[in-house]
Amino acid sequence: MKTIKTKTGIGKWLPRKYDLQKAEGTLQFADDLRFGPELLHASVVRSSVAHGEIIDIDYSEALKMPGVLKVIVGEDFPYHFGLYLKDRTPMAIGRTRYMGEPVALVVAETEEDAKEAVKKVKVTYKELEPVFDPVKAATTNSVLVHPDLHKYDHVDFITPQPNTNIANWFRIRKGDTEAAFKNAAHVFEETITCPQIAHGFIETFCSICKQDPGSGEITIWTSAQSAFTVRDIIAKGINYPLHKIRVIAPPVGGGFGGKAGMTVEALCLAAAMDEDLKGRPVKLFIPREEVLLSSWVRQGFVARIELAVDEDGLMQGIRNTFWFDTGISAEYGANPVRSARYTSMGAYNIPNVWADCYAVYTNKPFGGAYRGFGLPELMSALEVVVDIVAHKLKIDPVEFRKKNLLMKGQTTCTGMPMHDHALDKIIDKVAKKIDVLKEEPPIRKGWKRGKGIALAIKAPAIPADASSSAIVKLNGDGTVEVLAATMDMGQGTYSAFAQIVSEELGIPYDWIKVYYPDTQSHPYDWQTAASRSCWSMGMAVKRAASELREKLLALFAEYWQTPVENISIEYGVVKCHKLGKSERIDERVQNGFKMPDGILKGGPIIGTGSFTPPDLLYPDPDTGQSPKSVTHFTLGAVGVDMEVDPATGRIIINKVCAGYDVGKAITPINIKGQIEGGTVQGLSACLMEGMTYDEHGKLLTPDFTDYKIATIKDAPGEIDAFWEETPEEISPYGNRGVGEHSMIAPAPATNNALFRATGMRIHSYPLSRERVYKALKAKEKGETDFWEWPYALDLAYERAKKEW
Amino acid sequence: MKDKYVTLTINGRKTTLVVEDRTTLLTALREYGVTSLKRGCEEGECGACTVIMNGLPQKSCLILVREAEGAEILTVEGLIKKGRLHPVQQAFIDEGAIQCGYCTPGMVMTTYALLSKNPSPEEEEIREALSGNICRCTGYLSIIRAVKKSADILSGKAKGGELREDD
């Protein structure tokens, strides 16, 4: 018998938590917090060379500037930080590895004072030869970005290669790929490239750190997705007890992975822990033009994919090699490489798989987590290759995909059986909604119109022990407070948690409040990442709420002297229909119930819950095989209807149709929002984004003037977002993550549509106007394929390709 | 730098601020305590600091506060009357047009300015008016729906506070 009734449980469309405060403008982000006149401000002196020895840092003039208290350099805070691989120092020590790397920190009474003084710091370098091209960096090792790689601590599931630029090398060896290729009726080989991509969140980085001089206790207010991960990385970096570090994470103004680990916190802490400054809070606000230099971006990549197909059009083998450009640090970026490799087969049933993924150091700002975590990279290459193959085999792209689909029980590239899903149904729907095989005349005169499809797949790339825990508290008026250290950075997780609590407790959604993370009050959560929150933290919240319900019902059962099965909670009221009882939740849930025998029982009622994935096993390092390498996959498909103007190379997206198997929709308003938002972010990456450097390694696209991201004018005319619900076994309600997945397939679907429109295949992202125009000009000369190496000034790629 | 004084009206309240020559309207308003406008780029690219100044939407990061002497400034905080949200704010909630919320105050103010001038804009006009405000979260389509709904609420064709549900 169901013991609760609610109108605001899972699956309902409800106003999102904190939207009211966001609309009012009263929600305070990190930069909006106020600390009074004691607050100090830091500003960063950045390297002007991409690779060089620091000969001298002269800050004597800076110290004479008004308001300046101190200048701190790398040697003053010589700690290594990193989530998976400790290869980062907050400031360069002795050697700078990219242009823009922090080399000194000026601390002053005001932000303006600090900025003015930065200009007075003189740094002398002895320039070293830099390396910008990941293939060159990995294959020649002529320049070593991290000669000390062998000394860095790392987790045991990543494999740095000392005395090379390879920070991580992941392999898959499944089946007999050599035989598969030898016996195949058709063999194809293609390369695809993509530059680094920026998150483009509108809130930049902001941290405020303070150390209590007596106790040494540290408090950090920061724009971070994962408060506990910041605490862990800092504690391990400076060898400090966890209980002396408190991380408070105010609302985050967009993360997309860019704030998933540690960003600028350690740099700010270098000032706050300074002997002369400690006790005063120090704020480090990173202005827009320094954001791309201050934390990671999506890794650029060079992909080579070979596919073996038999006479029936079935894929028999795949060999893929991915060179990920991870810049100067792979502390977090080692993991998207792993994530891409887990899924080397894409959404296809391929019995023989040989895959190598490398995270390669170069002298550029560094790579790390970005929405999709390795999968937009993998799939924007693989889904294009699959389309090329379908075209060459004269099989329609929908049929070719469906024929080879990885269905329930068939094994992934890591040897793990695929679970049930509805991707076949989703493909049919997308194909129908967008009429993908039907050629239609362009809407715009003189333009060419095309349609394309691509698939999406992604599993949470979490460590096997990535855990979540939650506390649910019942107040003396029946309202509820939830402590779950997930960051709601717009994806809407707090609405989901409130709906889960409402579902479990029968208490209305409006009576439930979920708080932003504070490591002092909240129980542990690994990270807000991997689209895992509604699933992993959702499990913890559900368990906490159920425990609370059981405690509450047990007390009412004794109070009313009736079996617990007879009691229900309906719309916030506790009822026993059998006895005709109906009571509101009141202070008895704080102070105890006076039972029939006159004795007080109970007291404050809280529920706790935790969750750790129960059955993950790290893959074998040599073969990548594991009975359960990932918890589950979310699959989907995207269809794009677009037009291109051959005169200018401009692409306009008429319509996108995107569907995913979400398992169970907890908060439909958020799923729709995630699909629409991720689709446009994916299209934006596809059509206009890419970090560009000059020949010295200077970033030419540091702000929104030069690094273009989609505006409202670039958004498609229509996005048809839908979802299917094939329940997941180990999951609170069968739900799976969908937050990142929407960014995976729009780019390859658009690329495929462009091919259908023009007959031209572009192998290098982005499909910018200039590049499309050039490609179409090449088409006029009879070319069918076009690619531009993103590191045009470094032609080593051409040579390296032969050496593969 | 020598301090100067600027007198302006912020959300209906006349105030005198102590500023420097280089102080932007954005910095001055934030230091005064109006933090709804955000520092997204401080270069006029993102629109997160949009305010209404003398009836026109302006990026406050591009205005020196001394240019705003005597000006009437309206921010998103000033849209709330007697504790009730303005229809534009309500429509953004109803349509799921808010995710992280960082661009929202700027989006709402630009929408407010658009609808003050053009009460029933076509979709192309909405896209044109909001093209200086960047949102990385929503994909913009919900924002377009919110602007349309704002117009409908203001003209009495729709009611605020009701969520759009898909089938």
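Scoring rules and cut-offs
Residues numbered from 1 in each chain as written. Chains lettered and ligands numbered in written order. Predicted model: local features only at pLDDT ≥ 70, side-chain atom pairs only at ≥ 80, totals over all residues. Heavy atoms only, no water. Helix = DSSP H or I, 4+ residues; strand = E, 2+ residues; numbered from the N terminus. Buried < 20%, exposed > 50% of the residue type's maximum accessible area, 1.4 Å probe, protein only. Contact = heavy atoms within 4.5 Å. Polar contact = N/O pair within 3.5 Å; in protein donor to acceptor, adjacent residues only side chain to side chain. Axes fitted to C-alpha atoms, helices over the stretch in contact; angles between N-to-C directions. Parallel < 35°, antiparallel > 145°, perpendicular 65-115°, else oblique. Left-handed = near helix turned anticlockwise from the far one by under 90°. Nonpolar A, V, L, I, M, F, W, Y, C, P; charged D, E, K, R; others polar. Pairing = 2+ DSSP bridges. pLDDT = per-residue confidence, 0-100. Domains from an automatic or database assignment. Buried area = accessible area lost by both parts, 1.4 Å probe. Salt bridge = Lys/Arg side-chain N within 4 Å of Asp/Glu carboxyl O. 1 Å grid on protein atoms, 1.4 Å probe; cavity = no way out; pocket = protein on both sides within 12 Å on 5 of 7 lines; lining within 4 Å. Points joined across faces, edges and corners; volume = space filled by probe spheres on them. Phe/Tyr/Trp six-rings, centres within 6.5 Å; stacked < 30°, edge-to-face > 60°. Lys NZ or Arg CZ within 6 Å of the ring centre and 35° of its normal.

A. Summary view of the overall build of chain B. Of the regular secondary structure elements, chain B holds 5 helices and 5 strands. The helix and strand sequence of chain B, counted from the amino end, reads β-β-α-β-β-β-α-α-α-α. Relative to its full complement of 167 residues, chain B shows a buried share of 58%. Partitioning the intrachain contacts of chain B with sequence separation of at least 6 by distance along the chain shows that 54% fall at a separation of at least 24.

B. Just the side chain of A:T493, in detail. Residue and element names in this part refer to chain A. Residue position: T493 is located in helix α13 (residues 493–505). Only 2.8 Å separates the side chain of T493 from the side chain of Q491, close enough to count as a polar contact. Among all residues touching T493, those that are not within four sequence positions of it are T486, M487, D488, S533 and C534.

C. Region of interest: the packing of helix α2 (residues 87–94) of chain B against helix α3 (residues 104–117) of chain B. Residue and element names in this part refer to chain B. Running from amino to carboxyl end, α2 crosses α3 at an angle of 125 degrees, the nearest separation of the two axes being 9 Å. Taken together, the axes of α2 and α3 are oblique relative to one another. As for how α2 packs across α3, the hand of that crossing is right-handed. Within the contact between the two elements, α2 uses V88, Q89 and F92 and α3 uses T104, M107, V108, T111, Y112 and L115. Classifying every residue of the contact of α2 with α3 gives 6 nonpolar, 3 polar and no charged.

D. Local environment of the sheet that holds strand β12 (residues 245–248) of chain A. All names here are of chain A. An order of β4-β6-β2-β13-β10-β11-β12 is seen for the 7 strands of this open sheet, with the pairing classed as mixed. What marks the edges here is a single partner per strand, and that holds for β4 (68–73) and β12. Each strand axis lies, on average, 20 degrees off the axis of its neighbour in the sheet, ignoring direction. Strand direction decides the pairing type here: strand β2 (residues 40–46) and strand β6 (residues 102–108), joined by 6 bridges, are antiparallel. Bridge pairing in β6 links A42 to V107. The strands touched by helix α6 (residues 227–238) are β11 (218–222) and β12; relative to β12, the strand with the most contacts, the crossing angle is about 150 degrees. Most of the contacts of helix α7 (residues 265–272) go to strand β10 (residues 206–211), to which it runs at about 35 degrees, and overall it touches β2, β4, β6, β10, β11 and β13 (282–285).

E. Expanded view of the confidence of the model for chain A. For chain A, the average pLDDT comes to 96, and 98% of its residues sit at 70 or higher. Segment residues 792–804 of chain A is flagged for pLDDT under 50; beyond a separation of four residues in sequence, or across chains, it makes 24 contacts in the model.

F. Inspection of the domain arrangement of chain B at higher detail. All names here are of chain B. Along its sequence, chain B is carved into domain 1 (4–78) and domain 2 (87–154). The gap between the C-alpha centroids of domain 1 and domain 2 is 21 Å. Counting residues at the interface gives 15 residues for domain 1, matched by 12 residues for domain 2. Summed over both sides, the interface between domain 1 and domain 2 buries roughly 1100 Å², with carbon and sulfur atoms accounting for 67% of that surface. Looking only at domain 1, the three residues that lose the most surface to domain 2 are K38, T50 and V76, adding up to 38% of its buried area. At the surface where domain 1 touches domain 2, the tally comes to 0 salt bridges. On inspection of domain 1 and its partner domain 2, the count reaches 5 residue pairs in polar contact (both at pLDDT 80 or more). Contributions of two or more residues to the side of domain 1 that touches domain 2 are made by β3 (50–53) and β4 (56–59). Its residues assigned to classes, the side of domain 1 that touches domain 2 shows 6 nonpolar, 5 polar and 4 charged.

G. How the structure looks around empty space enclosed by the protein. Residues and elements named next belong to chain A. A complete count under the given rule lists 9 cavities of 30 Å³ or more for this structure. Estimated volume of the largest cavity: approximately 620 Å³. In terms of lining residues, the largest cavity is bounded by 43 residues, among which Q491, S531, Q674, G739 and E740 are the most central. Of all the elements in the fold, those that place two or more residues in the lining of the largest cavity are α13, α14 (533–560) and α16 (668–688). For the lining of the largest cavity, the residue count by class is 18 nonpolar, 20 polar and 5 charged. For the lining of the largest cavity, the two domains that each supply at least three residues are domain 1 (4–27 + 466–611) and domain 3 (300–462 + 617–803).

H. Focus on the domain arrangement of chain A. All names here are of chain A. According to the domain assignment, chain A consists of domain 1 (4–27 + 466–611), domain 2 (33–128 + 203–253 + 260–294) and domain 3 (300–462 + 617–803). Distance between the C-alpha centres of domain 2 and domain 3: 36 Å. In this complex, domain 2 contributes 20 residues to the contact, which on the side of domain 3 involves 21 residues. Between domain 2 and domain 3, the buried area comes to about 1800 Å², and carbon and sulfur atoms account for 66% of it. Taken together, domain 2 and domain 3 are joined by 1 salt bridge. One salt bridge connects E331 with R88, and the closest N-O pair in it is separated by 2.6 Å.

I. Quick look at the packing of aromatic side chains. Summed over the entire model, instances satisfying the criterion amount to 24 aromatic pairs over all chains. Ring pairs connect the aromatic residues A:Y84, A:F157, A:W296, A:Y332, A:F373 and A:Y618, which therefore count as one cluster. Here the basic side chain of A:R444 rests over the ring of A:W447, its NZ or CZ set 5.6 Å away from the ring centre. The ring of A:F285 is capped by B:R39, whose NZ or CZ atom sits 3.6 Å from the centre of that ring.

J. Molecular detail of the interface of chain A and chain B. Facing 60 residues of chain A, the contacting portion of chain B comprises 46 residues. Of all residues in chain A, A:W13, A:I202 and A:I712 bury the most surface against chain B, accounting for 18% of the area lost on that side. Between the two partners, chain A and chain B, sit 9 salt bridges. Between A:D32 and B:R30 there is a salt bridge, with the nearest N and O atoms lying 2.8 Å from each other. The interface formed by chain A and chain B includes 27 residue pairs in polar contact (both at pLDDT 80 or more). Put simply, the parts of the chain that give the side of chain A that touches chain B at least two residues each are α1 (19–24), α3 (111–118), β13, α8 (288–294), α16 and β29 (718–724) of chain A. Among the elements that make up the side of chain A that touches chain B, the one with the highest residue count is α16(A) (9 residues). Residue classes in the side of chain A that touches chain B are distributed as 25 nonpolar, 15 polar and 20 charged.

K. How the structure looks around the pairing of β10(A). Residue and element names in this part refer to chain A. For β10, the tally of buried residues reaches 5 of 6 residues, placing the bulk of the element in the interior. Bridge analysis of β10 against β13 gives 4 bridges, and the strand direction is antiparallel. Each bridged residue has a counterpart across the sheet, and for C206 the counterpart in β13 is F285. The hairpin formed by β10 and β11 contains 6 residues between the paired strands, and G216 there has a positive phi angle of roughly 75 degrees.

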